[in-house]
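Per-entry structural report
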Amino acid sequence: MADDRSSFGNIRKLPSGNYRARYTGPDGIRHSAPITFATKGPAQAWLVKEKKLIDAEEWTPPKAREAARRRKLELEKINTFAVFCERFLSDGHLRPSTAQEYRRMLTKRVLPTFADRPLESISRADLREWMDGQPKSTPAANAAAYRYFRAVLNAAADDELMDPIRGIKSASKAKPTRDPILATLDQLDVIEEAMPEPMRLIITLAYSSGLRQGELLELRRKDIDTKAGTITVRRAVSKNRIPDDPGVCPGGCGRVIGDPKTDAGKRIVHLPESVLSALRAHLLKHAAKGADGLLFPGVKHCHTPVVSLQWHFKRAAETAGIPELRFHELRHAALSMAGAERATDTQLMHRAGHSNRAAMDIYQHATLEQDKLLADRLDATLVAHRNARSAR
């Protein structure tokens, strides 16, 4: 078959009926298109593209470009969102319970759409389209899924596997579906009394100290100083079972013992004096033995199961006439009472475990003294309430 020569390159019709395009490159070597073409038009178009690359001084040999394209495809298979997401969740930088929550939410909300997408192909427009498609009836879950999705994308950008993506304003925050319920002291009394006796103190400590649920359930005898009237928060236990985690509780409950939620979560909290008598009685009657004995041991497992605590709490809250009250809102009650006693922001942040570590190190001594004074003011409020209740 004769060649169809033009000013650049040539096209030859092969015995198969397809067309082959070739040209001599700037390197003096003859280069062929990586494929043959069914008609002459695409062959001519390929030669035109090659000539433009040469004229723009952007040319590299077609075989080298094809090899780079294949390498890129292989890398894209490795660096899909699903593959990187698994690396992100498994590298140990997240607390076990946090990693578990990330995995649950990403599996449900994000991976169905983006699992096989190469990281570098994901754009801000994709992010916005995905966010717009989330159910309008679940704003809090939507915001959480967005935050977790963005965390993975930001980590991929830090590893230079994709370009950074600008976030969507306000997508990470959801308007609360309702205001927090602040239980009154009378209602808290009813809840305490409606709980099983071994669980009553956890209610008292929750609203008088502001500790998180996981911090309360991991309290041990060695964390309590009844003479100083303090609790030292050193650890927390996860809400859910993660039996394969290296930090899993040796007692068999399957939950993970680790650091508190934040660095500032490690703190000393003073208790109101009027709470200490209930604490001492609980230590004598209900806490497990030994320095490592849990304050709230479960009947069948080492830690009280969260499902058991929540079951009893829900019914106690119903008895108090506030069935929608959540256990976490006892922490709101504690911090609100502290605020009502003129606690400063620094005192509240210390008590809640919300300050950063550097600031805590600088102001630790002063904060502990102020926390004791705050506990004394809280005690006066609690004592006045109980005296008034007794007089009714």
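Model, not experiment: these values are computed from the prediction.

**Structural notes on the nonpolar core**
Membership of the largest hydrophobic core comes to 46 residues, with the highest contact counts inside it found for Ile191, Ile203, Leu205, Leu295, Leu325 and Phe327. Elements with a minimum of two residues in this core: α7 (185–194), α8 (197–209), α9 (213–217), β6 (230–233), α10 (273–285), α11 (306–319), α12 (329–340) and α14 (357–390). Dropping the residues within four chain positions of it, isoleucine 203 is found in contact with Ile191, Glu192, Met195, Phe313, Phe327 and Leu330. Phe81, Cys85, Val110 and Met162 belong to the second largest nonpolar core, which has 31 residues in total.

**Examining the packing of helix α5 (residues 124–132) against helix α6 (residues 139–158)**
Between α5 and α6, the least distance of the axes is 11 Å, while the angle of their chain directions is 160 degrees. It follows from the interaxial angle that α5 and α6 lie roughly antiparallel. In this structure, α5 crosses over α6, and the sense of that crossing is right-handed. Mapping the contact onto sequence places Leu127, Trp130 and Met131 in α5 and Asn142, Ala143, Ala145, Tyr146, Phe149, Arg150 and Leu153 in α6. In terms of residue class, the contact of α5 with α6 is made up of eight nonpolar, one polar and one charged.

**Concerning the environment of isoleucine 242**
Here isoleucine 242 lies in the loop between β7 (236–241) and β8 (255–258). With sequence-adjacent residues up to four places away left out, isoleucine 242 is seen in contact with Pro96, Ser97, Gln100, Val248, Gly254, Arg255 and Val256.

**Quick look at the sheet that holds strand β9 (residues 267–270)**
Spatially, β5-β6-β9 is the arrangement adopted by the three strands of the open sheet, whose pairing is antiparallel. At either end of the open sheet lies a strand with only one pairing partner, and these are β5 (224–225) and β9.

**Notes on α7**
Looking at α7, one finds that the buried residues are Leu185, Leu188, Asp189, Ile191 and Glu192. Down the axis of α7, the sector holding all buried residues measures 165 degrees, keeping them to one side.

**Some points on the pattern of salt bridges**
In the structure shown here, the tally under the stated rule is 19 salt bridges. Between glutamate 197 and lysine 285 there is a salt bridge, and its shortest N-O distance comes to 2.9 Å. Residue glutamate 197 is located in helix α8, and its partner lysine 285 is located in helix α10; the two are separated by 88 residues in the primary sequence. Overall, the relative accessible area of 37% leaves glutamate 197 in the partly exposed class. Among the ionic contacts, a cluster of salt bridges with common partners joins Glu218, Arg220, Asp223, Arg234 and Arg235.

**Thoughts on the environment of valine 190**
Tracing the chain through its elements places valine 190 in helix α7. Not counting the four nearest positions on each side in its chain, valine 190 is found in contact with Thr319 and Ala320.

**Some thoughts on the side chain of arginine 150**
Tracing the sequence through the fold places arginine 150 in helix α6. At 10 Å, aspartate 158 is the nearest oppositely charged side chain to arginine 150, a buried residue that forms no salt bridge. Among residues more than four places away in sequence, those in contact with arginine 150 are Leu127, Ile165, Arg166 and Gly167.

**Thoughts on α5**
For α5, the set of buried residues is Asp126, Leu127, Trp130 and Met131. When α5 is viewed along its axis, its buried side chains cluster within an angular range of 130 degrees and face the same direction. Turned more than 90 degrees away from the buried face of α5, the exposed residues are Ala125, Glu129 and Asp132. Residues of α5 that are buried sit in contact with α4 (96–114) and α6.

**Observations concerning the packing of aromatic side chains**
According to the stated counting rule, one finds nine aromatic pairs in the structure shown. Taking 6.0 Å as the distance between ring centres and 35 degrees as the angle between the ring planes, the aromatic pair formed by phenylalanine 88 and tyrosine 102 counts as tilted. You can see phenylalanine 88 sitting in helix α3 (residues 81–90) and its partner tyrosine 102 sitting in helix α4, a full 14 residues away along the chain. What makes phenylalanine 88 buried here is its relative accessible area of 7%. Judged by centre distance (4.9 Å) and plane angle (45 degrees), the ring pair of phenylalanine 114 and phenylalanine 149 falls under tilted. In this pair, phenylalanine 114 is assigned in helix α4 and phenylalanine 149 in helix α6, connecting sequence segments 35 residues apart. Judged by relative accessible area, phenylalanine 114 falls into the buried class, the value being 2%. An aromatic cluster of at least three residues, connected via ring pairs, comprises Phe81, Phe114, Trp130 and Phe149.

Rules behind the numbers
Residues numbered from 1 in each chain as written. Predicted model: local features only at pLDDT ≥ 70, side-chain atom pairs only at ≥ 80, totals over all residues. Heavy atoms only, no water. Core = buried A, V, L, I, M, F, W, Y, C linked by side-chain atoms within 4.5 Å. Buried < 20%, exposed > 50% of the residue type's maximum accessible area, 1.4 Å probe, protein only. Helix = DSSP H or I, 4+ residues; strand = E, 2+ residues; numbered from the N terminus. Contact = heavy atoms within 4.5 Å. Axes fitted to C-alpha atoms, helices over the stretch in contact; angles between N-to-C directions. Parallel < 35°, antiparallel > 145°, perpendicular 65-115°, else oblique. Left-handed = near helix turned anticlockwise from the far one by under 90°. Nonpolar A, V, L, I, M, F, W, Y, C, P; charged D, E, K, R; others polar. Pairing = 2+ DSSP bridges. Arc of directions from axis to C-beta. Salt bridge = Lys/Arg side-chain N within 4 Å of Asp/Glu carboxyl O. Lys, Arg positive; Asp, Glu negative; His and termini not counted. Phe/Tyr/Trp six-rings, centres within 6.5 Å; stacked < 30°, edge-to-face > 60°.

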